[in-house]
Amino acid sequence: MVNKNYNFAFLDEGSKREIRRAALKAVAIPGYQVPFGSRELPIGRGWGTGGIQLTLSLIGPDDVLKVIDQGSDESVNAENIKKFVGICTGVKTTTDTREATLIQTRHRIPEIPMTNGQILVFQVPIPEPLRIVEAREEATKKMHAEKDYAPMWLQLYESLVKYKKVTVSSEYPCMAGGRYMMNPSPIPKFDNPKLHRAECLYLFGAGREKKIYAIPPHTEVVSLAFDDVPFERESFKGKKCRLCGSENTYLDEVFDRETGGRFYQCSDTSYCREVRSWS
Amino acid sequence: MAYVAVSGGKEAIEESIKLLDFYKSGTEKDVEIEAIENKLSLLVDRVMSEAGLYSTRYAALALKQCEGSVEEAVFLLRAYRSTLARNYYTKIVDTEAMRVVRRISAAFKDIPGGQILGATYDYTYRLIQFDADKESASAMRQAIQNALAAQSPEEIVPCPRVSDGLKREGLIDRFAQGDRAPCDVTANMLEFPAERSARLQTLSRADTGFISGLAYSALRGFGQVHPTVGELRCGFVELHVPYLLDESESIYIGEVLITEVECFNTADDKDQLKLAVGYGAVFGRNENKAISMAVIDRELDNGGPYPAQDEEFVLTHGDSLEMNGFISHLKLPHYVTFQSKLDAVRKTRRADGE
């Protein structure tokens, strides 16, 4: 049901063009955070409005949209965003990663590798990777300009000294194209390697913080690590999905309501379904 | 039964939205939009001010739609605002020409143009009127209409500012008229250090509670103590947009009710003292917000170690939509990131690191 009271894709055309321009600039400078005049949406700021603004400004009538949250197509927030874009565009939606031309995501990259011609739009709460070491935008902007990333390295080093492990969990910082340190959004470290030399375009939108950044296809993206302490992903060693049996996916830890027992299942629900359909 | 991951979200949302009606169905009486607009005017003013959209009718509609929640009403108006193309910017408003309905100075007893107490709750006793439920709206309106009809309208004389005299005396710095186009924070990301226009716009749209608390902190000692309200005026100002075919001409498009404040503080001027001004202007009758804005404007000019003096801290944390949006997002599932956090915690606790 398309709401005809509003423009196609909600925002006025001028706003959409401005967002696309910011996205183009972001593609030209991988990892660099491009400021933009973030518009207010009928969905809460902090609920994915940066990603939604990118989606709304990019989407055309022929696009096929997939929205995931925590890897799941059916989660409340994913359904809600899909419904909103549906109401103001009427485009086709899908849960199939391969079929989608545009995928909006919160906290995950799909397990099925994305290809040329597809765009993955990330919802970003805190675009600034240096925020954990420096609270002020004015200061972090200078640090990026001077490529002064020492405080972040120090942070990683200190956690090694203290815990013998790098304790940054999700939002693990990486270097894009060898120049800008970037926050891959709160994806787990598990997904970081998928950013490196990918086939598809990755766009990151932070609505509340009013920033857009990008990783164009084939860009070198390196997660921060020391020569003698390599980058380490979350480990699910010896665990597998209780539904499809996969051992190579990111797993959600779930508890049995009655026995209190703990087991695991794929966070990417559409991938899990696909694996089950093979058998 | 085994744990069921949050799915079937679509149906859950639909039912949840339906259930909202339950909370509005406690009575068969309806709240009329006209009544909200005219009888809850201060609430309407607050919502318009925080939304940055001046429409008493839409503010009233929004309030009705969301059970009177200020942040939800602000949210509705802001989202609506995003769908409107911005065709014009109004010309600079001269608030000296304001049709004043209230004007006070806490600095001087007698001011050019006179003090006009106007309508205020300041001197009421805050005793609940237990018979407010028996009030007759029509009788009240009739009585006021009759009283108005018995008076003859006065001519509006432009009202000079209290600060003008102090400027002439050299106690307040004078600045050249800055006619640069203001930085519009609704169309650009706020950058630091922020232009003053961006600062004032941000403060004017800020959450009332947030800036009141900050201003209070500055008064209590986490800032420069106790400024003086040089002038607080409340009234209607006319808005004009440039006439496209002839820029020297303009078209009157209506008027808005605003509250404007100038606060005075003492400040260093080399080896002597001077007075420094903080400025506040907000939509509607919104006096404490306007005063708070003026206090904070001055604190930010001054700078210093306290929160109310820190530009980035003040300007990035006071937007109703942004603060409430981000706080409420904590209710969204964080399964993936929490799993990652668990992994990090567990790894530090295991001898083998696995």
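So, how was this worked out
- Residues numbered from 1 in each chain as written.
- Chains lettered and ligands numbered in written order.
- Predicted model: local features only at pLDDT ≥ 70, side-chain atom pairs only at ≥ 80, totals over all residues.
- Heavy atoms only, no water.
- Helix = DSSP H or I, 4+ residues; strand = E, 2+ residues; numbered from the N terminus.
- Rg over C-alpha atoms; globule rule 2.2 N^0.38 Å.
- Buried < 20%, exposed > 50% of the residue type's maximum accessible area, 1.4 Å probe, protein only.
- Contact = heavy atoms within 4.5 Å.
- Salt bridge = Lys/Arg side-chain N within 4 Å of Asp/Glu carboxyl O.
- Polar contact = N/O pair within 3.5 Å; in protein donor to acceptor, adjacent residues only side chain to side chain.
- Axes fitted to C-alpha atoms, helices over the stretch in contact; angles between N-to-C directions.
- Parallel < 35°, antiparallel > 145°, perpendicular 65-115°, else oblique.
- Left-handed = near helix turned anticlockwise from the far one by under 90°.
- Nonpolar A, V, L, I, M, F, W, Y, C, P; charged D, E, K, R; others polar.
- Pairing = 2+ DSSP bridges.
- Expected span 1.5 Å × (residues − 1).
- Arc of directions from axis to C-beta.
- Right-handed = clockwise from strand over helix to strand, strands pointing away.
- Core = buried A, V, L, I, M, F, W, Y, C linked by side-chain atoms within 4.5 Å.
- pLDDT = per-residue confidence, 0-100.

Trainee: Lay out the overall build of chain A with the relevant residues and their values.
Mentor: Along chain A, the regular secondary structure elements total six helices and twelve strands. By the compact-globule yardstick of 19 Å for 279 residues, chain A fits well, its C-alpha radius of gyration being 19 Å. Its C-alpha atoms give chain A principal-axis dimensions of about 60 × 50 × 35 Å. Taken over 279 residues, chain A has a buried fraction of 58%.

Trainee: For the interface of chain A and chain B, give the residues involved together with the corresponding values.
Mentor: Many structure descriptions define interface size as the accessible area lost when the parts assemble. Tallying the contact residues gives 69 residues for chain A and 53 residues for chain B. Linking chain A with chain B are eight salt bridges. The partner of B:Arg78 in a salt bridge is A:Glu40, and the shortest N-O contact between them spans 2.8 Å. At the surface where chain A touches chain B, the tally comes to 25 residue pairs in polar contact (both at pLDDT 80 or more). Residue assignment for the side of chain A that touches chain B shows that the elements contributing at least two residues are α3 (76-89), α4 (137-145), β11 (251-255) and β12 (262-266) of chain A.

Trainee: So what's going on with the packing of helix α9 (residues 208-220) of chain B against helix α10 (residues 287-302) of chain B? Which residues, and what values?
Mentor: Residue and element names in this part refer to chain B. At a minimum axis distance of 8 Å, the contact between α9 and α10 shows a crossing angle of 55 degrees. Considered as vectors, α9 and α10 are oriented oblique to each other. Here the hand of the crossing between α9 and α10 comes out left-handed. Across from Thr-208, Ile-211, Ser-212, Leu-214, Ala-215, Ala-218 and Leu-219 in α9, the residues of α10 making contact are Lys-289, Ser-292, Met-293, Val-295, Ile-296 and Glu-299. For the contact of α9 with α10, a count of residues per class yields eight nonpolar, three polar and two charged.

Trainee: Please give an account of the sheet that holds strand β7 (residues 180-182) of chain A that cites residues and values.
Mentor: All names here are of chain A. What the three strands build is an open sheet, ordered β7-β6-β10; its pairing is antiparallel. Since the sheet does not close on itself, it has two edges, and those belong to β7 and β10 (221-223), each with one partner. Geometrically, the sheet is characterised by an average inter-axis angle of 30 degrees between neighbouring strands, direction not taken into account. Both strand β6 (residues 174-176) and β7 contribute to a ladder of three bridges, which runs antiparallel. Residue Met-175 lies in a different strand from β7, and its bridge partner there is Met-181.

Trainee: If you had to explain helix α13 (residues 335-349) of chain B to someone new, which residues and values would you point to?
Mentor: End to end, α13(B) covers 21 Å across 15 residues, agreeing with the expected 21 Å (1.5 Å per residue, within 8%). Among the residues of α13(B), those classed as buried are B:Val336, B:Thr337, B:Gln339, B:Ser340, B:Asp343, B:Ala344 and B:Lys347. Across the axial projection of α13(B), the buried residues extend over an arc of 160 degrees, all falling on one side. Looking at the buried residues of α13(B), the elements they touch are β11 and β12 of chain A.

Trainee: Any details on the pairing of strand β2 (residues 64-69) of chain A? Residues and values, ideally.
Mentor: All names here are of chain A. β2 sits mainly inside the fold: six of its six residues count as buried. Burial of the side chains of β2 extends over both faces: Val-64, Lys-66 and Ile-68 are buried on one face and Leu-65, Val-67 and Asp-69 on the other. Of the strand pairs in this sheet, β2 and strand β3 (residues 92-93) are connected by two bridges, and their pairing is parallel. Its bridge partner being in β3, Leu-65 is matched across the sheet by Thr-93. Where the polypeptide runs from β2 across α3 and back to β3, its parallel neighbour, the crossover connection is right-handed.

Trainee: Account for the nonpolar core, with residues named and values stated.
Mentor: In this structure, A:Leu56, A:Phe84 and A:Ile212 are the most contacted members of the largest nonpolar core, which totals 30 residues. Of all elements in the fold, only α1 (13-28), α2 (49-58), β2, α3, β5 (119-123), β8 (201-206) and β9 (211-215) of chain A reach the threshold of two or more residues within this core. The element contributing the most residues to this core is α3(A), with five residues. Leave out the neighbours within four places in its chain, and A:Leu56 touches A:Ala9, A:Phe10, A:Leu11, A:Lys16, A:Leu41, A:Phe84, A:Val85 and A:Cys88. Counting 27 residues, the second largest nonpolar core, distinct from the first, contains B:Ala198, B:Ala206, B:Ala290 and B:Leu315.

Trainee: Quick one: what's the story with the sheet that holds β3(A), residue by residue and with numbers?
Mentor: Strands in a sheet are paired, the pairing made by backbone hydrogen bonds, and the direction either parallel or antiparallel. Residue and element names in this part refer to chain A. Pairing is mixed across the open sheet formed by seven strands, whose spatial order is β1-β9-β8-β5-β4-β2-β3. Pairing within the sheet leaves two strands with one partner each, and these edge strands are β1 (34-35) and β3. Where β5 meets β8, five bridges bridge the pair, whose relative direction is parallel. Bridge pairing links Ile-119 to Leu-201 in β8.

Trainee: Report on the side chain of B:Thr337, specifying residues and quantitative values.
Mentor: Inspection of the secondary structure puts B:Thr337 in helix α13. From its side chain, B:Thr337 meets the backbone oxygen of B:His334 in a polar contact 3.3 Å long. If we ignore the near neighbours within four places in the chain, the residues touching B:Thr337 are A:His107, A:Ser170 and A:Pro186.

Trainee: Mind laying out the confidence of the model for chain B, listing which residues take part and the relevant values?
Mentor: Residues and elements named next belong to chain B. Looking at chain B as a whole, the pLDDT averages 91, with 97% of positions reaching at least 70. Low pLDDT, under 50, characterises residues 1-5; the stretch is placed with twelve contacts to residues that sit more than four places away or in other chains. As a predicted assembly, this complex carries a pTM of 0.86 together with an ipTM value of 0.76.

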